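# Descriptive structure summary
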Amino acid sequence: MKFTSGREFLATPSPPGLLLLTSFLLHVKEDRASPTRLVCDNRLIHKYIVEAKDMEKRVSQCQALPALSCPAVLPLVDFTFQQWKSKSNETKRREILCDLALLVGAAAGARGQVSQECGARQLSQLYRKANSFFLLLQTFSWEAGHWEPSCSPHSMEQTHVTSIFLTYRQLVQGKLRFFFHDLAKVLCEQGQGDSRDPPCGAR
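Now for a quick tour of the structure.

Basis of the calculations
- Residues numbered from 1 in each chain as written.
- Predicted model: local features only at pLDDT ≥ 70, side-chain atom pairs only at ≥ 80, totals over all residues.
- Heavy atoms only, no water.
- Helix = DSSP H or I, 4+ residues; strand = E, 2+ residues; numbered from the N terminus.
- Buried < 20%, exposed > 50% of the residue type's maximum accessible area, 1.4 Å probe, protein only.
- Areas by Shrake-Rupley, 256 points an atom, 1.4 Å probe, with all protein chains shown as cover.
- Expected span 1.5 Å × (residues − 1).
- Core = buried A, V, L, I, M, F, W, Y, C linked by side-chain atoms within 4.5 Å.
- Contact = heavy atoms within 4.5 Å.
- Phe/Tyr/Trp six-rings, centres within 6.5 Å; stacked < 30°, edge-to-face > 60°.
- Axes fitted to C-alpha atoms, helices over the stretch in contact; angles between N-to-C directions.
- Parallel < 35°, antiparallel > 145°, perpendicular 65-115°, else oblique.
- Left-handed = near helix turned anticlockwise from the far one by under 90°.
- Nonpolar A, V, L, I, M, F, W, Y, C, P; charged D, E, K, R; others polar.
- Salt bridge = Lys/Arg side-chain N within 4 Å of Asp/Glu carboxyl O.
- Disulfide = S-S within 2.5 Å.

### Observations regarding the overall build of the protein
A tally of helices and strands in the protein yields seven helices and four strands. Helices and strands in the protein line up, N terminus first, as β-α-α-α-β-β-α-α-α-β-α. Residues counted as buried form 47% of the 203 residues belonging to the protein. Total accessible area computed for the protein in this model is approximately 10200 Å², and 53% of it derives from carbon and sulfur atoms.

### What to know about helix H3 (residues 42-60)
Since one α-helical turn is 3.6 residues long, residues separated by three or four positions face the same way. Between its first and last C-alpha, H3 extends 28 Å over 19 residues, near the 27 Å set by a 1.5 Å rise per residue. Among the residues of H3, Asn42, Leu44, Ile45, His46, Tyr48, Ile49, Glu51, Ala52, Met55 and Val59 are the ones counted as buried.

### Section: the nonpolar core
One finds Leu137, Ile164 and Tyr168 to be the most contacted residues of the largest nonpolar core, which totals 48 residues. Mapped onto this core, the elements with two or more residues apiece are helix H2 (35-40), H3, strand S2 (72-75), helix H5 (89-111), helix H6 (117-137) and helix H7 (161-187). If you tally residues by element for this core, the top one is H7, at 12 residues. In this structure Leu137 touches Arg93, Ile96, Leu97, Leu100, Leu176, Phe179 and Phe180, once residues within four positions along its chain are discounted.

### Some remarks on the packing of aromatic side chains
With the rule as written, the count across this model stands at five aromatic pairs. A network of ring pairs unites the aromatic residues Phe79, Phe81, Trp84 and Phe178 as a single cluster.

### Quick word on the packing of H5 against H6
Two elements in contact, H5 and H6, have axes whose closest approach is 9 Å; the angle formed by their N-to-C orientations is 155°. With respect to their mutual orientation, H5 and H6 come out roughly antiparallel. Relative to H6, the crossing made by H5 is left-handed. Of the residues in H6, those in contact with Arg93, Ile96, Leu97, Leu100, Ala101, Val104, Ala107, Ala108, Ala110 and Arg111 of H5 are Ala120, Leu123, Ser124, Leu126, Tyr127, Ala130, Asn131, Phe133, Phe134 and Leu137. Residues that form the contact of H5 with H6 fall into these classes: 16 nonpolar, two polar and two charged.

### A word on the packing of H5 against H7
A pair of packed helices is captured by two measures, namely the crossing angle of their axes and the spacing between those axes. Remark: H5 packs on H7, axes separated minimally by 11 Å, with the N-to-C direction vectors making an angle of 155°. What the angle tells us is that H5 and H7 run roughly antiparallel. Helix-helix and strand crossings are classified by hand; for H5 and H7 the assignment is left-handed. Each of Asn89, Lys92, Arg93, Glu95, Ile96, Asp99, Leu100, Leu103, Ala106, Ala107 and Ala110 in H5 lies in contact with H7, whose residues at this interface are Ile164, Thr167, Tyr168, Leu171, Lys175, Leu176, Phe179, Asp182, Leu183 and Val186. The residue inventory of the contact of H5 with H7, partitioned by class, reads 13 nonpolar, two polar and six charged.

### Topic: the pattern of salt bridges
According to the stated counting rule, one finds 12 salt bridges in the structure shown. Its salt-bridge partner being Asp99, residue Lys175 comes within 2.8 Å of it at the nearest N-O pair. Highlighted residues: Lys175 in helix H7 and Asp99 in helix H5, separated in sequence by 76 residues. With a relative accessible area of 0%, Asp99 lands in the buried category. The residue Glu117 makes a salt bridge to Arg121 at a minimum N-O spacing of 3.6 Å. In this pair, Glu117 and Arg121 both sit in helix H6, four residues apart, roughly one turn of the helix. The class of Glu117 is exposed, set by a relative accessible area of 61%. Among the residues examined, Arg121 registers a relative accessible area of 43% and is labelled partly exposed. One salt-bridge network, in which partners are shared between bridges, spans Lys87, Glu95, Asp99 and Lys175.

### A look at unusual backbone geometry
Positive phi values are uncommon outside glycine, yet Ala64 reaches one of about 55°. Along the chain, the position of Ala64 falls in the loop between H3 and S2.

### Here's the deal with the state of the cysteines
Under the definition given, this model contains two disulfides. Note that Cys62 is cross-linked by a disulfide to Cys118, the S-S spacing being 1.9 Å. Handedness of the Cys62-Cys118 disulfide follows from its S-S torsion of about -65°: it is left-handed. One end of the pair, Cys62, is in the loop between H3 and S2; the other, Cys118, is in helix H6, and 56 residues separate them in sequence. Of the residues examined, Cys62 reaches a relative accessible area of 9% and is grouped as buried.

These values are about where atoms sit, not about what they do.
This is the structure in structure tokens:
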């Protein structure tokens, strides 16, 4: 069974508590989310999946998006369930960080090439959301020290702006969703009902 899911501009690390407050609470103002709730309440990750799908749909409706003269370097985010299960949570976290770093860089680079208002607006939104996940995942670490950009992820070059949104949606819907589900097994208390249900299949 194969899951299709979605790495370069690096945000400056901050204290973990500050990162958690600034990264997600800015985007989920109606939820007074704690670090545990971000993992244990699977309604949140499904909210971000819906948002990723909405962004992908909106950018596809933008008129006359130009091809990128400098191609976007995007991560290859496909994975198999067997490969995923064999990895530690720390390995999964670092792999997703690499993917997000490339995506953030791709969004920033494309934003500098797209002057059309519709496309530029959607790229700015994707940049903010991908960077928020990038900051958040740096706070979940099973090893000492800050994450360093030492990975060499599999990547591809794309000249279509819509490919950036497709890759982001695949990453959120795939690796990130399963990572949060795996963390819930470790961090969440027993008997939390819906929050501990296995993730739903891709819609």
